[in-house]
Amino acid sequence: MTDLFSKFDPLIQQRETLLATGVTDPYNLVMEKVVSPTVAICNGRETILLGTYNYMGMTFDEDVIAAGKDALDKFGSGTTGSRVLNGTYQGHKECEEALKEFYAMDHAMVFSTGYQANLGIISTIAGKGDYVILDIDSHASIYDGCAMGNAEIVAFRHNDVEALEKRLKRLPPEAGKLVVLEGVYSMLGDIAPLKEMIRVSKEAGAMVLVDEAHSMGFIGENGRGVAEAQGVLDDVDFIIGTFSKSVGTVGGFCVSNHPKFEILRLVCRPYVFTASLPPSVVATAATSIRKLMHGSNKRAHLWENSKILHKGLRDLGFTLGTDEPQSAIIAVIMPDLEKGAMMWEALLEEGLYGACPRVQSGPGSRRT
Ligand SMILES: Cc1ncc(COP(=O)(O)O)c(C=O)c1O
């Protein structure tokens, strides 16, 4: 018998070497109690949460919690069905209405996670004979969406407009093309030059999808993301987002003005062949999204915090992902995984939780 697990040996070895240094496993932290969006009890001690994606602190919002409890009482704990069978409740429709209003777009489709939204939309709209052109630093869900579909995949250097343009020019002019970008890239916390990238994409006849997972609620005058901040929202064909960050629950979505968008509800497998979100989740999401429409104070406050943290870390001599703060992700570049894990553990012992050091071993292998 060939042990199918032997392919994991290098990773098992890497993990064992790391743990042999005596460092705590950074991927095994338990939040024993969550006190607020910014404080939890970890290893029995009060810990400040610096490394979550709870950008707008909506997880403990009174209205959000009340909406969830009410839906739980009135509609039960789950739908037990796909969106196209018995799994579309009033709450799913209300959630999609809230998204349409939030983005001022014609169509919105709610998925069970943001991962599934990328998986479904990319694999469904880019088919055989088409091309997906993506930034090499794209999130794993974007790579997996490509792997699931039948299109040709073309990657270009991170945030490099010229590289994107060159790749586009090499493709057959008549072929269907989908350029996939992110507003904020979570590895470095940098934003994409969407304006220029969308211009070259449109000149090449490509459709554009922007994943605004880390910018929704925070970036742009109305929190619609980097495309809004750069004045190009109308040129984006599909926006992908998640409820697991600023919205403060779980779920994913795609919004669009494409006139044929609704057909996706019948042909997009990660939408059709999975159970829909529980009523309490869509109720919390809809309430949170509506509140985020009026979240300018929170946005200003988060910008202030991002700037303070960025400056403080830079003044201490750390190497950061960006010269200036571009988003709410302030990435500290550590020389190697071991030092990163040691720093993570030392901070935790001081009562500060930062996001785990990440293992980076090639495109598409990123953690969130
Ligand atoms: C850019 C990006 N897209 C999609 C996702 C997936 O979102 P979800 O947590 O809803 O599956 C993430 C999650 O980290 C992300 O960072």
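Residues numbered from 1 in each chain as written. Predicted model: local features only at pLDDT ≥ 70, side-chain atom pairs only at ≥ 80, totals over all residues.

Draft legend 1. Broad picture of the overall build of the chain. A tally of regular secondary structure across the chain gives 13 helices and 13 strands. For 368 residues, the compact-globule estimate of 2.2 N^0.38 gives 21 Å, and the C-alpha radius of gyration of the chain, at 21 Å, lies within 12% of that figure. In terms of overall dimensions, the chain has a C-alpha envelope of 55 × 55 × 55 Å along the principal axes. Counting over 368 residues, the chain shows a buried share of 42%. Long-range contacts, defined here as pairs at least 24 residues apart, represent 69% of the contacts in the chain between residues at least 6 apart. (Helix = DSSP H or I, 4+ residues; strand = E, 2+ residues; numbered from the N terminus. Rg over C-alpha atoms; globule rule 2.2 N^0.38 Å. Buried ≥ 20, exposed ≤ 12 C-beta atoms within 10 Å, placed from the backbone. Contact = placed C-beta atoms within 7 Å.)

Draft legend 2. Main features of the domain arrangement of the chain. Here the domain parsing of the chain yields domain 1 (11-55 + 296-353) and domain 2 (61-292). The gap between the C-alpha centroids of domain 1 and domain 2 is 27 Å. Each partner contributes to the interface: domain 1 provides 13 residues, whereas domain 2 provides 17 residues. Partitioned by chemical class, the residues of the side of domain 1 that touches domain 2 number 7 nonpolar, 5 polar and 1 charged. (Domains from an automatic or database assignment. Nonpolar A, V, L, I, M, F, W, Y, C, P; charged D, E, K, R; others polar.)

Draft legend 3. Here's a closer look at the pairing of strand β12 (residues 252-256). The element β12 is largely enclosed, with a buried count of 5 among its 5 residues. Where burial is concerned, the two faces of β12 agree: the one with Gly252, Cys254 and Ser256 and the one with Phe253 and Val255 are both buried. As defined by bridge partners, strand β4 (residues 107-111) adjoins β12 across 5 bridges and the pair is classed as antiparallel. Residue pairing for β12: Met109 is matched across the bridge by Cys254. In the sheet, strand β11 (residues 238-242) pairs with β12 via 5 bridges, with the strands oriented antiparallel. Within the sheet, the bridge partner assigned to Ile239 lies in β12 and is Val255. (Pairing = 2+ DSSP bridges.)

Draft legend 4. Main features of the sheet that holds strand β3 (residues 45-49). An order of β1-β2-β3-β13 is seen for the 4 strands of this open sheet, with the pairing classed as mixed. Looking at strand neighbours, the two that pair on one side only are β1 (31-36) and β13 (352-353), the edges of this open sheet. Looking at chain direction, strand β2 (residues 39-42) and β3 are connected through 4 bridges and run antiparallel. Following the sheet pairing, Val39 is matched in β3 by Ile48.

Draft legend 5. How the structure looks around the sheet that holds β11. In space, the 7 strands of this open sheet follow the order β4-β12-β11-β10-β7-β5-β6, with mixed pairing throughout. Every other strand in the sheet has two partners, leaving β4 and β6 (152-156) as the edge strands with one partner each. Taken over all neighbouring pairs, the strand axes of this sheet differ in orientation by 20° on average, direction set aside. Where helix α3 (residues 90-103) meets the sheet, its contacts fall on β4, β11 and β12, and the angle it forms with β4 comes to roughly 130°. (Axes fitted to C-alpha atoms, helices over the stretch in contact; angles between N-to-C directions.)

Draft legend 6. Molecular detail of helix α6 (residues 161-170). Within the span of α6, buried status applies to Leu164, Arg167 and Leu168. Take α6 and look down its axis: the buried residues cluster within an arc of 100°, on one side only. Exposed side chains of α6 directed beyond 90 degrees from the buried face belong to Glu162, Lys169 and Arg170. (Arc of directions from axis to C-beta.)

Draft legend 7. Expanded view of unusual backbone geometry. The backbone of Thr80 shows a phi angle near 55°, a positive value even though the residue is not glycine. Along the polypeptide, Thr80 turns up in the loop between α2 (62-75) and α3. With 12 C-beta atoms packed within 10 Å, Thr80 lands in the exposed category. Of note, Asn159 is a non-glycine position whose phi angle comes to about 55°, a positive value.

Draft legend 8. Spotlight on the packing of α2 against helix α11 (residues 279-292). In contact at an axis separation of 7 Å, α2 and α11 are set at 150° when each is read in the N-to-C sense. Relative to α11, the element α2 is oriented roughly antiparallel. Every pair of crossing elements has a handedness; the one defined by α2 and α11 is right-handed. Contacts between α2 and α11 involve Asp63, Val64, Ala67, Gly68, Asp70, Ala71, Leu72 and Phe75 on the former and, on the latter, Pro279, Ser280, Ala283, Thr284, Thr287, Ser288 and Lys291. For the contact of α2 with α11, a count of residues per class yields 7 nonpolar, 5 polar and 3 charged. (Parallel < 35°, antiparallel > 145°, perpendicular 65-115°, else oblique. Left-handed = near helix turned anticlockwise from the far one by under 90°.)

Draft legend 9. Region of the structure containing the environment of Val34. Relative to the elements of secondary structure, Val34 occurs in strand β1. Overall, the presence of 16 C-beta atoms within 10 Å leaves Val34 in the partly exposed class. Placed 17 residues apart in sequence, Val34 and Thr17 show a C-alpha to C-alpha distance of 32 Å.

Draft legend 10. Seen up close, the pairing of β1. Counting buried positions along β1 yields 0 of 6 residues, so the element is predominantly exposed. Relative to β2, β1 runs antiparallel, the two being bridged by 4 bridges. When the bridges of β2 are listed, Lys33 appears paired with Ile41. Once β1 ends, the chain turns through 2 residues before running back antiparallel as β2.

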